[in-house]
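# Report on the structure
Here's the letter readout for the chains.
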Amino acid sequence: MDNKVRPAAENAFTGVGSATGRRRSLLSWEQQTALAQRLLPVFWLHPDDAYRPEGFETYFEHCELWFHAEGMPPELVLQRGQVTAAALRKTRSSTGAPASCGMAADGRVSTDKRWMLRCDPAHHRGADGGELGRVPVYAFVRDTSLHGEPCHAVTYVTFYPYNGPYRIGGLCCRMLAGGHEADVEHVTFLVSQEGGELRAVWFNAHHADQGQLVPAAEIETMDFPDGRSNVPVVYVALNGHGTYPRAGTSRRIFNVGNDVTGRGQLWRPKMRLLPEAWDTERQEQTSTTWLQYSGRLGTPQSAADWRHRSPEEQLEAPWRVREVGQAPAGIATKKWWVNDQNAWRSSSWCHRMFCLWPDGHTFR
């Protein structure tokens, strides 16, 4: 079997319609699809995690779309059942503000965090365990280099309707912190452009400066009866859903924000390839125009009363409790959508434990 990935014959950096005048990868759409499908990993979910993955499209079905303009009452723009990929691209508030703001100079989608999706709390737990096989991961391919070698970076994005809170403070103070709607995570596979061999995997957790670059030889793999062999394995942390190369405890933030991974349910996802942020024609074909959405994917939550506060209360009484769970914006607004993550440098145990994260390398 020839695993070598060859670039497309056409000049892939002319990119008609591109905001930056270039594409992320020299590979054609078909080559990117084949590469992402070949490397598609499986995920071990933690046995105690109540918050499971879900597809963006299914998540939208359970959301309302709100617009929060300064000095104005929150506006419910789309009710539950009306939020679709097409609607997110075309909707405007009563003041004329678009939910999709267009492209930033670096090829990412511009951000407008006045827009917020609000998910039905009954759907925070995501897909039922028996339905995990229908839940996709979302892949995109970029060209990069690793230690001077040209590589393709294949990133798999996972989504969870809810990021479960961490319990901090030990037995005396059982405070909940970090819970929020809409949890976007990812793991990146680095493949040689010349030979097509897997060189390393970037396991991202929380922020890129807490990630780990693991050589291909150290990646755990599995074989399956359906013929797939040497399938890469990713471990998913309890509640926070960061990605790790093995089961165990990753100590963070003075031991109060530790990530724990284990073998609960095995998730064998489908794969959906994502177009360029500017490629609206391909987005229409693949029903991924939600990439253009500029706002938050959820509503910011607080540790004390995240189960009960409405969007109106969050704006009107922000002094009640410090917000410790911030819902993220969409995939295409992220720095890692177009940039290398922490220059592919692993964080050390000391950095994760004592919060010694350099500001210049935080790619959320």
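A short tour of the structure in this document, coming up. Just so it is clear, the structure is predicted and the values come from calculations on it, not from any experiment. (Residues numbered from 1 in each chain as written. Predicted model: local features only at pLDDT ≥ 70, side-chain atom pairs only at ≥ 80, totals over all residues. Heavy atoms only, no water.)

### Considerations on the pairing of strand E9 (residues 180–192)
A regular strand places its side chains so that they alternate between the two faces of the sheet. Within E9, 13 of the 13 residues are buried, which leaves it mostly tucked inside the rest of the structure. In terms of strand pairing, strand E6 (residues 149–163) meets E9 through 12 bridges, oriented antiparallel. Its bridge partner lying in E9, cysteine 151 is registered against serine 192. One ladder, built from 5 bridges, connects E9 with strand E10 (residues 198–205); its direction is antiparallel. By the bridge assignment for E10, threonine 188 is matched with tryptophan 202. Where E9 folds back onto E10 in an antiparallel hairpin, the turn is made up of 5 residues, including glycine 196, whose phi is positive at roughly 80°. (Buried < 20%, exposed > 50% of the residue type's maximum accessible area, 1.4 Å probe, protein only. Helix = DSSP H or I, 4+ residues; strand = E, 2+ residues; numbered from the N terminus. Pairing = 2+ DSSP bridges.)

### Side note on the pairing of strand E5 (residues 136–146)
Most of E5 sits out of view: 10 of its 11 residues are buried. The pairing of E5 with strand E18 (residues 270–273) spans 4 bridges and is classified as parallel. Paired with proline 136 across the strands is lysine 270, a residue of E18. The pairing of E5 with E6 spans 9 bridges and is classified as antiparallel. Opposite leucine 146, over in E6, you have glutamate 149 as the bridge partner. Between E5 and E6, which follow one another and run antiparallel, lie 2 residues, and histidine 147 among them has a positive phi close to 55°.

### Thoughts on helix H1 (residues 29–39)
If you check which residues of H1 are buried, you get Trp29, Gln32, Leu35, Ala36 and Leu39. Along the long axis of H1, the arc covered by the buried residues comes to 130°, so they all point the same way. (Arc of directions from axis to C-beta.)

### Focus: the pattern of salt bridges
Scanning the model with the defined rule gives 13 salt bridges in all. A salt bridge links arginine 272 to glutamate 57, with the shortest nitrogen-to-oxygen separation between them at 2.4 Å. You can see arginine 272 sitting in strand E18 and its partner glutamate 57 sitting in helix H2 (residues 56–61), a full 215 residues away along the chain. By relative accessible area, which is 24% here, arginine 272 ends up partly exposed. One salt bridge in this structure joins glutamate 220 and arginine 263, with 2.5 Å as the shortest N-O distance. Of this pair, glutamate 220 sits in the loop between strand E11 (207–215) and strand E12 (221–222) while arginine 263 sits in the loop between strand E16 (259–261) and strand E17 (266–267); the two residues are 43 residues apart in sequence, bridging distant segments of the chain. Look at glutamate 220 and you get partly exposed, because its relative accessible area is 24%. (Salt bridge = Lys/Arg side-chain N within 4 Å of Asp/Glu carboxyl O.)

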